[in-house]
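Examining the three-dimensional arrangement
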Amino acid sequence: MTAIRATNLTKRYGRTVAVADLSFDVEPGRVTGFLGPNGAGKSTTMRMILGLDRPTGGSVLVDGVPYRDLRHPLRKVGALLDAKAVHGGRSARDHLLAIAQSNAIPAGRVMEVLETVGLREVARKRIGGFSLGMSQRLGIAAALLGDPEILIFDEPVNGLDPDGILWIRTFMRRLAAEGRAVFVSSHLMSEMAQTADHLVVIGKGRLIADTGVAEFIGRSSQAYVRVRSPRLAEVAELVKVGELHPDHLRVTAMTPLEIGTLTARAGLPLEELTLVRPSLEAAYMELTKDSLEYSS
Ligand code: ADP
């Protein structure tokens with residue numbers, strides 16, 4: 001069963017269209033990255049999935065039903081939206097106990113999840129004194145309380161140090177390997193490339209791409225050779241497989257050595273022969289550039 005299914009999902013705030021006619025699926029057993037620039041509508045979408053915001057149009061189903069119709073929501077879906085939005089005066093353990101109690105989850109589960117996220121040692125410490133990384137782990141512990149099949153994380157690595165980032169990344173991979181559906185948002189392509197199996201890319205609330213990460217990387221970062229010459233037309237004719245641009249030739253099917261050998265034999269001078277490997281970030285910027293609200 002599809003874990004999350006959004007169909008023509010739309011959300012307006014007055015005249016602002018936060019999410020527009022968005023359709024996508026999140027499947028179990030993989031990390032689905034929800035990627036888009038700031039303000040693209042990622043948090044709004046996640047809030048609608050969790051029944052915290054009502055769609056203006058369309059629908060989103062969790063395991064086939066609207067979130068509010070789930071009998072035991074925390075046992076189906078765990079979410080981390082804003083890690084710092086917790087009561088600072090409580091201990092980590094008491095915080096989780098309160099959530100467990102109000103959701104009919106056995107109290108014994110609390111120390112289990114604290115152990116899982118590596119917070120067992122600080123279980124009795126006040127949350128108010130936690131670092132951002134510790135707060136993130138506590139938020140993840142809360143999401144795991146009901147042992148849910150579906151996990152939703154909104155920008156979980158924002159502001160974390162490299163150790164914290166690596167830990168979250170590894171942890172999300174592990175949750176997916178256990179067969180769970182993991183839906184995680186980020187505005188960073190580089191982050192998603194290392195964590196996700198599948199990508200749902202949005203800009204200005206609209207779907208831009210819904211694709212496998214390997215596919216996205218293969219398609220967007222295909223290397224090519226840029227060739228420039230004062231006798232470009234003749235070079236193009238000789239090379240045959242190139243794509244001719246006004247001031248250069250773009251060749252994907254040959255190496256620089258092959259092109260250089262060919263043109264040297266024909267006595268054609270070259271001004272440039274460069275292997276170009278576009279970065280993933282560049283491909284993502286290219287993809288979303290039309291959807292940025294304010295271009296600098
Ligand atoms: P993201 O999570 O991708 O950064 P958001 O979902 O937070 O994007 O925001 C999408 C758009 O909706 C933005 O233009 C934002 O200003 C607007 N928005 C979000 N929440 C509200 C709200 N409660 N009232 C008015 N506008 C909102």
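Along each chain, the written sequence defines residue order, and numbers are assigned to residues from 1. It should be noted that, the model being predicted, local features are given only for residues of pLDDT at least 70 and side-chain atom pairs only at 80 or more, the latter also being counted only at that level, while totals for whole chains, interfaces and linings use all residues. As a convention, hydrogens and water are excluded, and side-chain values are obtained from all of the structure's heavy atoms.

1. Examining the sheet that holds strand S11 (residues 243-244)
Strands are labelled as partners when DSSP assigns at least two bridges between them. Helix and strand assignments come from DSSP, with helices taken as H or I runs of at least 4 residues and strands as E runs of at least 2, each series counted from the N terminus. A sheet is described by the order of its strands in space; here 4 strands give the open sequence S11-S12-S10-S13, paired in antiparallel fashion. The two strands at the open ends of the sheet, each matched to only one other strand, are S11 and strand S13 (272-276). Relative to strand S12 (residues 249-251), S11 runs antiparallel, the two sharing 2 bridges. Along S12, the bridge assignment pairs Glu243 with Arg250. The strands touched by helix H9 (residues 232-239) within the sheet are strand S10 (224-228), S11 and S12, with S12 carrying the most contacts at an inclination of about 20°. Note on contacts: a residue pair is in contact if any heavy atoms of the two residues lie within 4.5 Å. Axes here mean lines fitted to C-alpha atoms, for a helix over just the part in contact, with angles spanning 0 to 180 degrees between N-to-C directions. Along the sheet face, helix H10 (residues 256-265) touches S10, S12 and S13 and points at about 165° away from the line of S13.

2. Some details on the domain arrangement of the protein
You can read the domains of the protein as domain 1 (4-218) and domain 2 (223-277). The C-alpha-based centres of domain 1 and domain 2 are spaced at 48 Å. What counts as a domain boundary in this text is fixed by an automatic or database domain assignment.

3. Description of H9
Accessible area is worked out with a 1.4 Å probe on protein chains only. A residue is then buried under 20% of its type maximum, exposed over 50%, and partly exposed in between. What H9 keeps buried is the set Leu232, Val235, Ala236 and Val239. Here the buried residues of H9 occupy an arc of 100° about the axis, which is enough to place them on one side. Along H9, exposed side chains directed more than 90 degrees from the buried face belong to Ala233 and Glu237. The secondary structure elements touched by the buried residues of H9 are S10, S11, S12 and H10. Of the residues one or two after H9, Lys240 is the one with positive phi, at around 65°. Directions drawn from the helix axis to the C-beta atoms are what define this arc.

4. Description of the packing of helix H3 (residues 92-102) against helix H4 (residues 109-116)
Between H3 and H4, the shortest axis-to-axis distance is 9 Å and the interhelical angle comes to 125°. Relative to H4, H3 is oriented oblique. Along this stretch, H3 crosses H4, giving a crossing that reads as right-handed. Between H3 and H4, the contacting residues are Ala92, Arg93, Leu96, Leu97 and Ala100 on the first element and Val110, Met111, Val113 and Leu114 on the second. Polar here means any residue outside two lists: the nonpolar Ala, Val, Leu, Ile, Met, Phe, Trp, Tyr, Cys and Pro, and the charged Asp, Glu, Lys and Arg; Gly therefore counts as polar. Taken together, the residues of the contact of H3 with H4 sort by class into 8 nonpolar, no polar and 1 charged. Here the angle decides the label: under 35 degrees means roughly parallel, over 145 means roughly antiparallel, 65 to 115 means roughly perpendicular, and every other value means oblique. In this scheme the crossing of two helices becomes right-handed for a clockwise turn of the near helix relative to the far one and left-handed for an anticlockwise turn of less than a right angle.

5. Details of the site of the ligand
Around the ligand, the structure places Tyr13, Thr16, Ala18, Pro37, Asn38, Gly39, Ala40, Gly41, Lys42, Ser43 and Thr44. Ala40 is positioned such that a nitrogen or oxygen atom in its backbone is 3.1 Å from an oxygen atom of the ligand. Within the contact set of the ligand, an oxygen atom lies 2.9 Å away from a backbone nitrogen or oxygen of Gly41. Only the protein chains shown count as covering a residue, and every accessible area follows the Shrake-Rupley method with a 1.4 Å probe. Against a free-state accessible area of 560 Å², the protein chains account for coverage of 61% of the ligand. Breaking the shell around the ligand down by element, the ones donating at least two residues are strand S2 (16-26) and helix H1 (42-49). Proximity is defined per residue: if any heavy atom of the residue lies within 4 Å of a molecule or strand, that residue is considered near it. In the analysis that follows, any N or O atom pair within 3.5 Å is treated as a polar contact, provided that within protein one partner can donate a hydrogen and the other can accept it, and provided that, for residues neighboring in sequence, both atoms belong to side chains.

6. Examining the pattern of salt bridges
Put simply, a salt bridge is a Lys or Arg side-chain nitrogen that is within 4 Å of an Asp or Glu carboxyl oxygen. Per the stated rule, a full pass over the model turns up 17 salt bridges. Across the salt bridge formed by Arg226 and Glu272, the nearest N and O atoms sit 2.9 Å from each other. Note that Arg226 is positioned in strand S10 and Glu272 in strand S13, a separation of 46 residues in sequence. On the accessibility criterion, Arg226 (27% relative accessible area) is partly exposed. Glu272 gets classed as buried once you look at its relative accessible area, which sits at 15%. Where Glu234 meets Arg231, a salt bridge forms, and the shortest distance between an N and an O atom there is 2.9 Å. Judged by relative accessible area, which is 40%, Glu234 ranks as partly exposed. A relative accessible area of 36% means that Arg231 is categorised as partly exposed. Each member of the salt-bridge network shares a partner with another, and the members are Asp147, Arg174, Glu178 and Arg180.

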